[in-house]
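Examination of the molecular architecture
Spelled out from the first residue to the last, the chains are:
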Amino acid sequence: MPDITIRLLNEAEARSAMPALAEVLSDCVEGGASVGFMQPYPPEAALPYWNGVADAVAADETLLMVAEDEGRIVGTVQVGVAQMPNQPHRGDLKKLLVHRAARGKGVARLLMQAVEREAALRGKALLVLDTATGSEAEAIYPRLGWERVGVIPDYAMWPEGGLCATTLFYKRIAVQG
């Protein structure tokens, strides 16, 4: 088992990590992950997205976690923590991404455990997410204790084209502190 390190990034760290984060996102999209982008998707195309994420981290709207293997970023996940006034207890899980070269090593599980802890420390008791129905990612969440809610047909497109449905999940977490 590799020695995977999980870290929460601040704004400066997020901006410094943008090339590595762009590489992970590009690899996932090129591998068929329906995470909002279309193929071809080279790493440089991902930089504007990560700049927006760094802005959201700076504004305390998003938690950004990374997984590192020997100092190299191999995975990431986010939780949107800025919600409407009637939803202070909820967070939106976004973009669980693991580079294809690092899959099968427990990276997704470690990222999810860490981001759930961080969200709980910020008073989030409920997390929600959506993921492409029929994707490899969809199978991960039930194993990590997430509850399937339902499916919305024709929600988005696969990165190579063609419509795909999305499956909605939620998870209650224990608030810390």
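See the structure above.
Note that the coordinates shown come from a computational prediction; the quantities given were computed from them, not determined experimentally.

As a further point, take the packing of aromatic side chains. Per the stated rule, a full pass over the model turns up 5 aromatic pairs. Between Phe37 and Tyr49 the ring centres are 5.4 Å apart and the planes differ by 75°, which places this aromatic pair in the edge-to-face class. Separated by 12 residues along the polypeptide, Phe37 in the loop between α2 (18-30) and α3 (43-58) and Tyr49 in helix α3 bring together distant segments of the chain. Look at Tyr49 and you get partly exposed, because its relative accessible area is 21%. Seen in terms of ring centroids, Tyr49 and Trp50 are 5.0 Å apart; in terms of plane orientation they differ by 75°. Their pairing is edge-to-face. The structure contains a cluster of three or more aromatic residues connected by ring pairs, namely Phe37, Tyr41, Tyr49 and Trp50.

What follows covers the pattern of salt bridges. Scanning the model with the defined rule gives 9 salt bridges in all. Here Asp55 ties to Arg15 by a salt bridge, and the two come within 2.4 Å at their closest N and O atoms. Taken together, the residues Asp55 in helix α3 and Arg15 in helix α1 (residues 11-16) connect sequence positions 40 residues apart. On the accessibility criterion, Asp55 (39% relative accessible area) is partly exposed. By relative accessible area, which is 28% here, Arg15 ends up partly exposed. A cluster of three or more residues bridged by salt bridges with shared partners is formed by Arg7, Glu13 and Glu68.

A few words now on the layout of surface pockets. Its volume calculated, the largest pocket comes out at about 960 Å³. Taken together, 45 residues form the lining of the largest pocket, with Val35, Leu96, Thr131, Ala137 and Tyr141 sitting closest to its centre. Going through the elements one at a time, α3, β4 (90-98), α4 (107-121), β5 (126-132), α5 (136-143), β6 (147-157) and β7 (163-172) are the ones with two or more residues in the lining of the largest pocket. The greatest single-element share of the lining of the largest pocket, amounting to 6 residues, is contributed by β4. Classifying every residue of the lining of the largest pocket by side-chain character gives 24 nonpolar, 12 polar and 9 charged.

Another aspect to go through is the side chain of Lys171. Counting through the fold element by element, Lys171 comes out in strand β7. In this structure Lys171 comes out as buried when scored by relative accessible area, which is 15%. Reaching out from Lys171, the side chain makes a polar contact with the side chain of Glu116 at a distance of 2.9 Å. A distance of 2.6 Å separates a polar atom in the side chain of Lys171 from the backbone oxygen of Leu144.

Calculation notes
Residues numbered from 1 in each chain as written. Predicted model: local features only at pLDDT ≥ 70, side-chain atom pairs only at ≥ 80, totals over all residues. Heavy atoms only, no water. Phe/Tyr/Trp six-rings, centres within 6.5 Å; stacked < 30°, edge-to-face > 60°. Helix = DSSP H or I, 4+ residues; strand = E, 2+ residues; numbered from the N terminus. Buried < 20%, exposed > 50% of the residue type's maximum accessible area, 1.4 Å probe, protein only. Salt bridge = Lys/Arg side-chain N within 4 Å of Asp/Glu carboxyl O. 1 Å grid on protein atoms, 1.4 Å probe; cavity = no way out; pocket = protein on both sides within 12 Å on 5 of 7 lines; lining within 4 Å. Points joined across faces, edges and corners; volume = space filled by probe spheres on them. Nonpolar A, V, L, I, M, F, W, Y, C, P; charged D, E, K, R; others polar. Polar contact = N/O pair within 3.5 Å; in protein donor to acceptor, adjacent residues only side chain to side chain.

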